[in-house]
Amino acid sequence: MDHLRQLCREILAQADSIAVLTGAGISAESGIPTFRGAGGLWRSHRAEDLATPQGFARDPKLVWEWYDWRRAFIAQAEPNAGHRALAALQSQHANFTLITQNVDGLHDRAGSTGALKVHGDVWTVRCTVCHREREDRRAPLPELPPRCACGGMERPGVVWFGESLPQDVWIRAEQTARRASVLLVIGTSAVVYPAAGLVGLAKSAGARVIEINLEETPVSSIVDVCWRGPAAEILPRLVS
Ligand code: BJW
Ligand code: ZN
């Protein structure tokens, strides 16, 4: 593993601009379940019922109960050494952008700034009637579903299957991938699009791509370096 460490550190040292794409795997060691694989949320919960606008329209209370449970779970979790290492890497590089698919806010709590949250934020709620967004960190929420000041029902401020990503955030994420000289792809199964497409975009625009994951993924074949192992162990070794 020492040769991988050295190689990756050299790649980072030479980088003009660093982009990072994270997924649920980076929060796994904070105790937050991933979506796919053993113990993943989609093993015991149907994504169609809980993470689609159709599922929410059918049964908003059920969807909110699931999010309320996850919010409470996330609230008691702590950022891990992987999140902290990325915050440290940001402080060492002027041109650094973190793109995350995670909605848990653990990167923010670890000290990362300006993260592009392409799938939204579980601590944000949005009115289904007037579309006003607000932050609400209470867990559990006192009333499910929560209500907007206008009386409309609110929904979680996250991106479900079949929904567009927040346009401004997505444009910046694509720009970041296109301009990056190095992209770190950490703890994502790389099956959910368009986020997974950022890897190919960065690669074809000339970035060197390093994947950190326990397992092989569909993008493993196009990246320059695969480092297999837990992100919370690997990232501190990359940065310190
Ligand atoms: C570790 C580790 C450790 C573990 N260290 N590593 C065909 C039909 C219909 C739709 C589509 C279709 N083909 C494509 C689509 C579009 C669809 C899509 O991609 N579907 C595929 C799954 C088939 N995408 C969308 O719908 C997106 N919108 C869109 O495309 O708009 C245009 C459009 C409009 C209308 C119609 C069609 C298209 C939106 C996607 C939204 C995804 N939302 C979720 C929920 C967010 C809110 C919430 O959290 O509740 O986002 S789903 C879920 O998956 C979540 C995640 O961000 C996302 C990605 O998952 P991630 O992060 O990769 O986690 P896992 O669990 O999959 O992987 C964990 C990885 O970590 C694994 O590889 C482990 O090995 C690794 N790991 N421990 C290192 N310690
Ligand atoms: Zn409203």
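Structure first, text after, so check above.
First things first, this report covers the structure right here in the doc. (Residues numbered from 1 in each chain as written. Chains lettered and ligands numbered in written order. Predicted model: local features only at pLDDT ≥ 70, side-chain atom pairs only at ≥ 80, totals over all residues. Heavy atoms only, no water.)

**Here's the deal with the site of ligand 1**
Here is step 1: Neighbouring ligand 1 are 33 residues; E29, R36, Y67, R70 and S189 lie closest to it.
Here is step 2: R36 places a polar side-chain atom, nitrogen or oxygen, 2.6 Å from an oxygen atom of ligand 1.
Here is step 3: Here an oxygen atom of ligand 1 sits 2.7 Å away from a polar atom, N or O, in the main chain of Y193.
Here is step 4: Considering ligand 1 on its own, with 1,500 Å² of exposed area, one finds that the protein chains cover 74% of that surface.
Here is step 5: A per-class count over the shell around ligand 1 returns 17 nonpolar, eleven polar and five charged. (Near = heavy atom within 4 Å. Polar contact = N/O pair within 3.5 Å; in protein donor to acceptor, adjacent residues only side chain to side chain. Areas by Shrake-Rupley, 256 points an atom, 1.4 Å probe, with all protein chains shown as cover. Nonpolar A, V, L, I, M, F, W, Y, C, P; charged D, E, K, R; others polar.)

**Thoughts on the coordination of the zinc ion (ligand 2)**
Six octahedral donors around a metal ideally subtend angles of 90 or 180 degrees, whereas four tetrahedral donors ideally subtend 109.5 degrees.
Here is step 1: Taken together, the protein ligands of the zinc ion (ligand 2) are C127 (SG), C130 (SG), C148 (SG) and C150 (SG), with distances of 2.3 to 2.4 Å.
Here is step 2: In the primary structure, the donors to the zinc ion (ligand 2) are separated according to the pattern C-x2-C-x17-C-x1-C. (Donors = N, O, S within 2.8 Å, 3.2 Å for Na, K, Ca; no water.)

**As for the sheet that holds strand β7 (residues 182-186)**
Here is step 1: Here six strands make up an open sheet; going across it, the order is β3-β2-β1-β7-β8-β9 and the pairing parallel. Each edge of the open sheet is held by one strand with a lone partner, namely β3 (116-117) and β9 (225-228).
Here is step 2: In the sheet, β7 pairs with strand β8 (residues 208-213) via five bridges, with the strands oriented parallel. Along β8, the bridge assignment pairs L184 with I210.
Here is step 3: The sheet strands contacting helix α1 (residues 2-13) are β1 (18-22), β7, β8 and β9, and the helix crosses β9 at an angle near 130 degrees. (Pairing = 2+ DSSP bridges. Helix = DSSP H or I, 4+ residues; strand = E, 2+ residues; numbered from the N terminus. Contact = heavy atoms within 4.5 Å. Axes fitted to C-alpha atoms, helices over the stretch in contact; angles between N-to-C directions.)

**Topic: unusual backbone geometry**
Here is step 1: Note that the residue after L144, namely P145, is joined by a cis bond; omega there is -10 degrees.
Here is step 2: Cis rather than trans, the peptide bond between Y193 and P194 has omega equal to 5 degrees.
Here is step 3: With respect to the element layout, P194 can be found in the loop between β7 and α10 (197-204).
Here is step 4: In this structure, H131 takes a positive phi of about 65 degrees despite not being glycine.
Here is step 5: Assignment of secondary structure puts H131 in the loop between β4 (120-127) and β5 (133-135).
Here is step 6: The exposure class of H131 is exposed, given its relative accessible area of 53%. (Buried < 20%, exposed > 50% of the residue type's maximum accessible area, 1.4 Å probe, protein only.)

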